[in-house]
Amino acid sequence: HDMRQAFNAGASDYLVKPVGAAELASKVHLHLRNSQRMAKVTLTTEYLPGELACEKYLVEEVLGEGSYGVVYGARHLETGNMVALKLLTSETPIDRSRFLRECYTLATLDDPGVVRVLDFGEHEGTVYLAMERIEGITLDEWLRGREVAGGQEIWELVMALSGALEALEGSGVLHRDIKPTNIMLRSGDVRAPVLIDFGLAKRSFEVGLTSPNMMLGTPGYMPPEVLGGDTLDGRSDLYALGMVARFLATGQEAFPHLAGFQLLQRMARAPVPMPARLDAPLRRLLEDLTAINREDRVPNAQALRSRLRDCAPTRVKQVS
């Protein structure tokens, strides 16, 4: 158990007690030599369309860039499959550990609502992650073509994502950054959402990568408990999902005139109001998802699915 925790926290080696002085000295010498060798490796992460990455992926376009990674649209040379190829661009140990944790986390998940990992590894010092290429648009892009979403569309999205969150809970995984730009819609269909960007994801038993005073995530979707430095759990992801649903219902984030720490403080003082135009059962459900005290929230994704069935729109009930 201790060994598993050490490697999940980013350790590159593990010593079993009792440790002799000679063994410790040889391990230190080995890792110093390896670190010097790695320092001389020039990371190759910048590619133009038509260039070959990691000797097996033909780059076609840049899909996006983040704080420590770049994502390309690429094609696997042997299979011809299109992938989203993410390359680690940072050389800091903590970013490398987070990137590897994202790889390992995704590899344990198998749900249509979670982006699927196809391959990951390291090539000449560059760490890469190949994921399924989802043909579609983000939820944020989808809403730009509309002023707001209807109650049935909100219900369908939340119902679909409750399945993904149930899969995460079953694997002990927290996403920690659920927001409209991290939700892809297959073929632009609000009934087929997929969670992407697990760069901040964390398994329930993992420690060591985040300082107790560091808050990671997006303020408009972060639960109030982050202000107190409390350990997050599945109800924290459910809070973020509730805020995503509110974004769809209103067309804007809560308190758009505030940002950062001020926004978090405002959201922790009083419940975020839900639109009165929503049907009362759905509105009450969203209020329960986004309660300030997490003890008052829907307890887990399975309970969320049950509540959703109880407040299904009339059209959905007729079809089922």
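As a starting point, this report considers the structure included with it. All values reported here derive from a predicted model rather than from experimental measurement.

**Considerations on the pattern of salt bridges**
- Under the defined criterion, the tally for this structure stands at 17 salt bridges.
- For the salt bridge of E60 with R75, the shortest nitrogen-to-oxygen distance reads 3.3 Å. Separated by 15 residues along the polypeptide, E60 in strand β2 (residues 57-65) and R75 in strand β3 (residues 69-76) bring together distant segments of the chain.
- Overall, E60 belongs to the partly exposed group, its relative accessible area being 34%.
- For R75, a relative accessible area of 33% gives the class partly exposed.
- A salt bridge links E166 to R305; the shortest N-O distance between them is 3.7 Å. Of the two residues, E166 is situated in helix α5 (residues 151-170) and R305 in helix α9 (residues 301-310); the sequence distance between them amounts to 139 residues.
- Sharing partners across several salt bridges, the network here consists of E225, D233, R235, R294, E295 and R297.

**Re the packing of α5 against α9**
- Interaxial distance between α5 and α9 falls to 8 Å at its minimum, and their mutual angle equals 160°. One way to sum up the angle between α5 and α9 is to call them roughly antiparallel. In the crossing of α5 with α9, the sense of the turn from one axis to the other is left-handed. In this structure, α5 contributes W155, V158, M159, S162, G163, L165, E166 and E169 to the contact, and α9 contributes A301, Q302, L304, R305, L308 and R309.
- A per-class count over the contact of α5 with α9 returns seven nonpolar, three polar and four charged.

**A look at the sheet that holds strand β7 (residues 136-138)**
- Pairing in this open sheet of three strands is antiparallel, and the strands run β7-β9-β10 from one edge to the other. Two strands in the sheet have a free side with no partner beyond their single neighbour: β7 and β10 (193-195). Strand-to-strand twist in this sheet, taken as the mean axis angle between neighbours without regard to direction, amounts to 30°.
- Alignment of β7 against strand β9 (residues 183-186), held across three bridges, turns out to be antiparallel. Across the sheet, T138 pairs through a bridge with M184, a residue of β9.
- Along the sheet, α5 contacts β9 and β10; its crossing angle with β10, the most-contacted strand, is approximately 30°.

**Here's the deal with the nonpolar core**
- With 67 residues, the main nonpolar core has I154, L195, F198 and L304 as its most contacted residues.
- Excluding its chain neighbours within four sequence positions, the residues that come into contact with L304 are V158, S162, L238, L241, L285, L289 and V298.
- Judged by nonpolar contacts, the second largest core, of 13 residues, contains A53, Y57, L87 and Y128.

**Some words on the packing of helix α8 (residues 280-289) against α9**
- Running from N to C, α8 and α9 point in directions that differ by 165°, and their axes come no closer than 10 Å. Overall, the two elements α8 and α9 adopt an arrangement that is roughly antiparallel. Along this stretch, α8 crosses α9, giving a crossing that reads as right-handed. Here R284, L285, D288 and L289 of α8 lie close against α9, whose contacting residues are L304, R307 and L308.
- Residue composition of the contact of α8 with α9, by class: four nonpolar, no polar and three charged.

**Description of the sheet that holds strand β1 (residues 52-53)**
- The strand order across the open sheet formed by six strands is β1-β2-β3-β4-β6-β5, and the pairing between neighbours is antiparallel. Single-partner strands in this sheet number two, and they are β1 and β5 (117-123).
- Most of the contacts of helix α3 (residues 93-107) go to strand β6 (residues 126-132), to which it runs at about 30°, and overall it touches β4 (82-88), β5 and β6.

Thresholds, definitions, all that
- Residues numbered from 1 in each chain as written.
- Predicted model: local features only at pLDDT ≥ 70, side-chain atom pairs only at ≥ 80, totals over all residues.
- Heavy atoms only, no water.
- Salt bridge = Lys/Arg side-chain N within 4 Å of Asp/Glu carboxyl O.
- Helix = DSSP H or I, 4+ residues; strand = E, 2+ residues; numbered from the N terminus.
- Buried < 20%, exposed > 50% of the residue type's maximum accessible area, 1.4 Å probe, protein only.
- Axes fitted to C-alpha atoms, helices over the stretch in contact; angles between N-to-C directions.
- Parallel < 35°, antiparallel > 145°, perpendicular 65-115°, else oblique.
- Left-handed = near helix turned anticlockwise from the far one by under 90°.
- Contact = heavy atoms within 4.5 Å.
- Nonpolar A, V, L, I, M, F, W, Y, C, P; charged D, E, K, R; others polar.
- Pairing = 2+ DSSP bridges.
- Core = buried A, V, L, I, M, F, W, Y, C linked by side-chain atoms within 4.5 Å.

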